[in-house]
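Each chain, written out:
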Amino acid sequence: MSTVSVITGPRRGWRSAGTWIGAAIVGVATVCAIFAPLIVPHDPFTQDLSKRLLPPFWMAGTNPDHLLGTDQLGRDYLSRLIWGCRISMLIGITVTIVSGLIGITLGVLGGFLGGRVDDAVLFAITTRLSIPVVLVALAVVGLLGSSMALLVLTLGLLLWDRFAVVARSTTMQVRNLDFVAAAWCAGCSRARILLGEVLPNIASHLVVVATLEIALAILLEAALSFLGLGVPPPLPSWGLMIAEAKDYMFFSPWVIVIPGVALFVLVLGINLLGDGLRDLFGARSDP
Amino acid sequence: MGAARFSRAPRFRTKLAPAMLQFFARRLIVAILVAATVMVLAFALTRLSGDLAISIAGPNATQADVEIVRKAYGLDKPLSVQFFDWVGRAATGDLGDSYFFKKRVADLIAERMPVTFTLGLTGLVIALVVSLPLGILAAVRENTSLDRGVQLVALIGQAMPSFWLGLLLMITLGLQLGWLPISGTGSWQHYVMPGIVLAFSAIPALTRLTRAGMIQALGSDYIRTARAKGLSRAAILLKHALRNAAIPVVAIAAVQLGFMLGGSIVIEQVFALHGVGFLAWESIGKNDFPVVQAVVLVLAVIYVALTMLADLMNAVLDPRLRGP
């Protein structure tokens, strides 16, 4: 049975359609994020109360000027959606940079040095996992006031656990390999071995974790913004768009469907790409 | 040389049964240390905003009002005194008093906890009912389109924003079909929709784990033996393979319940379920920091207890871990 599965095998890496779909979604989102000010058809902040809640193009009574309609303040929905993509991507990537720096440093040090240091790192991971992320993030933003920088810092400080777990376990595998022993024998310093031998060899695993973390950060940002304690209005975060449109959802469901689908598709795309990269690298992303 | 330098002595040299005890003693000590660390963090968290007396007294308060608030709530004492005061009282189950509700925080949490626990357990049951069959199905039909379909379901679950799914269910199941109540906590029906939404967060992990465990079990020697004995397919699957595959699933289910209780704050808000998450949400908005720090602490302690329970269940379910 197992031999058969090797021959027919699942489609892996770049031969899998999922990876390509994921890459395409992430590519489009990246272009939207970078060139948002150039491609938005209208200013996403300009209100026009005479054009409130215009329906999107597939519904009756639509305005060809506003393809995806307008929100409750008459702002162009497509423009806000594109601008929201910029915010999601920005937060996803910056949060992952902060959490990656913390998690990789802790994980590599714990895995490489072992002993007491490793015990301390394990303890830090256990403590971090016991802290309810959404609640603490809400409390920080609620007490200090919402701003993008604070949000990124808070989520970054809360989401480093998977980086630490994977960096630690992969470092433990790499540090016992022959080329590390050879580097020791050649008289390399500890820092040189860490940065020159260990880190490059665990990088592929960390890239996979990074994609999953970007997706997670985007989802969390949306949830916090939805609760009103994430990205400050009038910035068009997708979570905030859903929260603002919530009062109208029973009469015109498209107002929450459009930003929700965007959020879902982007996160799905990042996860598909991450899965593809994992298969490509033969990496693990789970502890 | 490099390898020898870092190799660690095996942790347990004694027989397994005392080793288990030692393991749990260690886990208990770690759990207490984690709780202590969380207390420091939760305390620090609520002091982030600077002068609490000003935020409690409100925007229209005079300097004299602020001073009265400061005295009344003990905020004039040094931080270390405030902290150890809190720790000392928390150790006896007294989590302080809420500023807004004018009630003991422990009572408030005890009042709201049943809602959150019902929601968490509903979510867990739904998640298990969905992911166990899906995982088994995917493992039995490994590498077929059915298997890929199941993995797609897991991916979709992973990408679904929970609050959005909640709103969609409210529109479809609640308003258009009228099957379920939209919000509140009156009856068991009120927990179905939030339970489904909460389950979505655990289904991907549980499905993948069941699938991986079943694939491993189905490829093992004892399954080949069972096949050779001529046992029925159902007996092999459910009695022999599933029992082994279920061990990690049961353990992760306990941990997932911990995550669900912590993550239910968003869903409680969407469905207006007045559980602990909703309480925390209200308290954050009202600067009611004794409640906020207590909810963080209680949720962290529950999570730690559930992970310990998971280890214990692993030991009970897997005779190999129990010793001779």
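Please read these numbers as outputs of a predicted model, since none were measured by experiment.

This next bit is on the overall build of chain A. Within chain A one finds 11 helices and 0 strands. Helices and strands appear in chain A in the N-to-C order α-α-α-α-α-α-α-α-α-α-α. Dimensions along the principal axes, computed over C-alpha positions, put chain A at roughly 75 × 55 × 35 Å. Evaluated residue by residue, chain A yields a buried proportion of 50% over its 287 residues. Contacts in chain A between residues at least 24 apart in sequence constitute 71% of all its contacts with a sequence separation of at least 6.

As a further point, take the overall build of chain B. When you go through chain B residue by residue, the secondary structure sums to 14 helices and 0 strands. Overall, the C-alpha framework of chain B stretches about 85 × 65 × 35 Å when taken along its three principal axes. Within chain B, the proportion of its 324 residues that are buried is 39%. Relative to all contacts within chain B whose residues are 6 or more apart in sequence, the contacts with residues 24 or more apart total 72%.

Turning next to the interface of chain A and chain B. Listed as interface residues are 44 residues of chain A and, on the opposing side, 44 residues of chain B. Of all the secondary structure elements, the ones that give two or more residues to the side of chain A that touches chain B are α1 (2-8), α4 (115-130), α5 (133-144), α8 (178-185), α9 (190-226) and α11 (254-281) of chain A. Counting residues per element, the side of chain A that touches chain B draws most heavily on α5 of chain A, at 9 residues. Here the side of chain A that touches chain B is built from residues that sort into 31 nonpolar, 11 polar and 2 charged.

For helix α6 (residues 105-140) of chain B, with 36 residues, the first-to-last C-alpha span of 50 Å sits near the 52 Å given by 1.5 Å per residue. By the largest-angle criterion, R112 of chain B marks the main kink of α6 of chain B, which is about 35°, and a proline, P114 of chain B, follows within four residues.

Ranked by size, the top nonpolar core spans 173 residues in total, and within it L138 of chain A together with V295 and V296 of chain B carry the most contacts. For this core, the element with the most residues is α9 of chain A, which contributes 19 residues. With near-sequence residues (within four places) excluded, V296 of chain B lies in contact with P132, L135 and V136 of chain A together with V38, A42 and L45 of chain B.

Residue and element names in this part refer to chain A. Per-residue confidence for chain A gives a mean pLDDT of 85, with 93% of residues at or over 70. Confidence, read as mean pLDDT per element, is least for α1 in chain A (36) and greatest for helix α3 (residues 77-113) (93). Across residues 1-9, where pLDDT falls below 50, the model places 4 contacts with residues more than four positions away in sequence or in other chains.

This part is about the environment of W164 of chain B. Considering the arrangement of structural elements, one finds W164 of chain B in helix α8 (residues 162-176). Residue W164 of chain B is classed as buried on the basis of its C-beta count, with 25 C-beta atoms lying within 10 Å. With 73 residues separating them along the chain, W164 of chain B and A91 of chain B place their C-alpha atoms 39 Å apart. Sequence-distant contacts of W164 of chain B, defined by excluding residues within four places in its chain, comprise I242, I256, G260 and L263 of chain A.

Here we come to the packing of helix α2 (residues 17-39) of chain A against α3 of chain A. All names here are of chain A. Where α2 meets α3, the axes come as close as 8 Å, and the angle between the chain directions of the two elements is 130°. The orientation of α2 relative to α3 falls into the category oblique. Read as a crossing pair, α2 and α3 show a hand that is left-handed. Note on element contacts: α3 touches α2 through I82, W83, C85, R86, M89 and L90, opposite A29, T30, C32, A33, A36 and I39. Here the contact of α2 with α3 is composed, by residue class, of 10 nonpolar, 1 polar and 1 charged.

Parameters at a glance
- Residues numbered from 1 in each chain as written.
- Chains lettered and ligands numbered in written order.
- Predicted model: local features only at pLDDT ≥ 70, side-chain atom pairs only at ≥ 80, totals over all residues.
- Helix = DSSP H or I, 4+ residues; strand = E, 2+ residues; numbered from the N terminus.
- Buried ≥ 20, exposed ≤ 12 C-beta atoms within 10 Å, placed from the backbone.
- Contact = placed C-beta atoms within 7 Å.
- Nonpolar A, V, L, I, M, F, W, Y, C, P; charged D, E, K, R; others polar.
- Expected span 1.5 Å × (residues − 1).
- Bend = angle between axes of the 7 residues up to and from the residue.
- Core = buried A, V, L, I, M, F, W, Y, C linked by C-beta atoms within 7 Å.
- pLDDT = per-residue confidence, 0-100.
- Axes fitted to C-alpha atoms, helices over the stretch in contact; angles between N-to-C directions.
- Parallel < 35°, antiparallel > 145°, perpendicular 65-115°, else oblique.
- Left-handed = near helix turned anticlockwise from the far one by under 90°.

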